Amino acid sequence: MSEFKALTEAVIKGDIKTAVAETQRALDAGSNVRDILDKGLIATMDEIGERFSKGLIFVPQMLRSAKTMQECTKLLEPFFKEGDITSKGKVLIGTVKGDLHDIGKNLVSMMMEGAGFTITDLGVDVSPEKFVQKVQEVEPDIVAMSALLSTTMPAMPQTIEALQKAGLRDKVKVMIGGAPVTEKYAQKITADSYASDAGTAVSKAKKLLGVS
Ligand code: B1M
């Protein structure tokens, strides 16, 4: 954590200007981009979550820190591009119904796009009906769902069921992820794949579609 102490402090304070400057400074100093993301930014969001659980900070501060992290992440985006590539497949992604967390989902989108997938991002609070409607429109290879709340995880099997009812389940692969989601849960709800982080989401998506 100490390597990114100033960055961590700025994200906790929600000081966008300093956090962005610190991210740029770390990049200029040659820090590993994955380290900036994992040890600098994601680890700080975990710290923020702990402070929130303990009642030390409240929703507005969490929101400000989230915004700060997203501004920093923009600087990292170019580093996740794998080069000049033709589309590896279409991915329809969204955070499930009732859930407004989008940082993890945005990271997954960003890394998948960087790896050559064509992304349609439905944003947050996406209902099963909306997923179905967009699958009909976009005809993706993968439907990717993110959930950060234990209370919104049930929207994942509800979406799978809605796809089934619409006769679309066999036409797409379903991938799920998010902090409370597990491999076991993915198996339970008959998702095709689970990824614990954005990097793994890329490799699992490639595996699902048999591309490299
Ligand atoms: Co919320 N929140 N929040 N929050 N929030 C958590 C999730 C929480 C764990 C905090 C805590 O209490 N310790 C807790 C959930 C408890 C639970 O259910 N288990 C919680 C709560 C309770 C709430 C509210 C209910 C608070 C309230 O209002 N009382 C409320 C709910 C609002 C709603 O959604 N309806 C709420 C609100 C918010 C904010 C809006 C203020 C803000 C989100 C802003 C935003 O996203 N734009 C926020 C934040 C920032 C957090 C924490 C602090 C950070 C989340 C984050 O962005 N992490 C979070 C605590 C924590 O996670 N430690 C917390 C960084 C991000 C990169 O990680 O999203 O996990 P993550 O993504 C990872 C992996 O999970 C994975 O890849 C990423 C890493 O590469 N991944 C996928 C994610 N999606 C994937 C999809 C995939 C594959 C991998 O395939 C499709």
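Rules behind the numbers
- Residues numbered from 1 in each chain as written.
- Predicted model: local features only at pLDDT ≥ 70, side-chain atom pairs only at ≥ 80, totals over all residues.
- Heavy atoms only, no water.
- Donors = N, O, S within 2.8 Å, 3.2 Å for Na, K, Ca; no water.
- Helix = DSSP H or I, 4+ residues; strand = E, 2+ residues; numbered from the N terminus.
- Near = heavy atom within 4 Å.
- Polar contact = N/O pair within 3.5 Å; in protein donor to acceptor, adjacent residues only side chain to side chain.
- Nonpolar A, V, L, I, M, F, W, Y, C, P; charged D, E, K, R; others polar.
- Buried < 20%, exposed > 50% of the residue type's maximum accessible area, 1.4 Å probe, protein only.
- Contact = heavy atoms within 4.5 Å.
- Arc of directions from axis to C-beta.
- Pairing = 2+ DSSP bridges.
- Right-handed = clockwise from strand over helix to strand, strands pointing away.
- Core = buried A, V, L, I, M, F, W, Y, C linked by side-chain atoms within 4.5 Å.
- Expected span 1.5 Å × (residues − 1).
- Bend = angle between axes of the 7 residues up to and from the residue.

Asks: Whenever I open this one, the coordination of the cobalt atom of the ligand confuses me. Can you help?
Replies: Put simply, the ideal angle at a metal is 109.5 degrees for four donors in tetrahedral geometry and 90 or 180 degrees for six donors in octahedral geometry. Protein coordination of the cobalt atom of the ligand is limited to a single donor, His 101 (NE2), positioned at 2.2 Å. Inspection of the secondary structure puts His 101 in the loop between β1 (90-95) and α5 (103-114).

Asks: How do you make sense of the site of the ligand when you look at a structure like this?
Replies: Taken together, 35 residues are adjacent to the ligand, and Ser 53, Leu 100, His 101, Asp 102 and Ser 146 come closest. At a separation of 2.9 Å, a nitrogen atom of the ligand approaches a polar backbone atom of Gly 98. Secondary structure elements with two or more residues in the shell around the ligand: α3 (33-53), α4 (59-76), α5, β3 (142-146) and β4 (173-177). Residues belonging to the shell around the ligand are distributed by class as follows: 21 nonpolar, 10 polar and 4 charged.

Asks: So what exactly am I meant to see when it comes to the side chain of Lys 105 here?
Replies: Relative to the elements of secondary structure, Lys 105 occurs in helix α5. What makes Lys 105 buried here is its relative accessible area of 3%. In this structure Lys 105 touches Ile 93, Gly 94, Thr 95, Asp 121, Gly 123 and Ser 146, once residues within four positions along its chain are discounted.

Asks: What am I meant to see in helix α7 (residues 155-165) here?
Replies: Each α-helix winds once per 3.6 residues, and so residues spaced three or four apart point in a common direction. Regarding α7, the residues found buried are Ala 155, Met 156, Thr 159, Ile 160, Ala 162 and Leu 163. Along the long axis of α7, the arc covered by the buried residues comes to 160°, so they all point the same way. In this fold, the buried residues of α7 make contact with α6 (128-138), β3, β4 and α8 (183-188). Where α7 terminates, the next one or two residues include Gly 167, which has phi positive at roughly 75°.

Asks: Can you help me understand the pairing of β1 in this one?
Replies: Each regular strand carries side chains that alternate between the two faces of the sheet. Along β1, 5 of the 6 residues are buried, which leaves the element largely enclosed by surrounding structure. Direction of pairing for β1 relative to strand β2 (residues 118-121): parallel, over a ladder of 4 bridges. Bridge pairing in β2 places Val 91 opposite Ile 119. One crossover worth recording links β1 to the parallel β2 by way of α5, and it is right-handed.

Asks: Just checking my understanding: could you explain the nonpolar core for this structure?
Replies: Nonpolar side chains tend toward joint burial in soluble globular proteins. Judged by nonpolar contacts, the single largest core of 37 residues is most densely connected at Leu 7, Leu 37, Leu 41, Leu 76, Val 91 and Met 112. Among the secondary structure elements, those contributing two or more residues to this core are α1 (5-13), α2 (16-28), α3, α4, β1, α5, β3 and α9 (198-209). Looking at this core element by element, the count peaks at 6 residues for α5. Discounting chain neighbours no more than four positions away, the residues touching Leu 41 are Leu 7, Val 11, Ile 36, Met 69, Cys 72, Thr 73 and Leu 76. Counting 27 residues, the second largest nonpolar core, distinct from the first, contains Leu 92, Leu 122, Ala 191 and Tyr 194.

Asks: What's the story with the side chain of Thr 44 in this structure? I'm lost.
Replies: As for its placement among the helices and strands, Thr 44 is situated in helix α3. Here Thr 44 falls in the buried class, since its relative accessible area comes to 0%. In terms of polar contacts, Thr 44 uses its side chain to reach the backbone carbonyl oxygen of Gly 40, at 2.4 Å. Residue contacts for Thr 44: discarding those within four places in its chain leaves Thr 8, Val 11 and Ile 12.

Asks: What is the right way to look at α3 in this model?
Replies: Given a rise of 1.5 Å per residue, 21 residues ought to cover 30 Å, and the 29 Å separating the end C-alpha atoms of α3 matches this to within 8%. The principal kink in α3, of about 30°, is found at Ala 43. All of the buried residues in α3 are Val 33, Ile 36, Leu 37, Gly 40, Leu 41, Thr 44 and Ile 48. Turning to α3, the residues buried within the fold contact α1, α2, α4 and α5. Measuring from the backbone nitrogen of Arg 34 back to the side-chain oxygen at the start of α3 gives 2.8 Å, which picks out Asn 32 as the cap. At the exit of α3 stands Gly 55, carrying a positive phi of roughly 75°.

Note that every value here comes from positions in space, so none of it alone points to a role or purpose.
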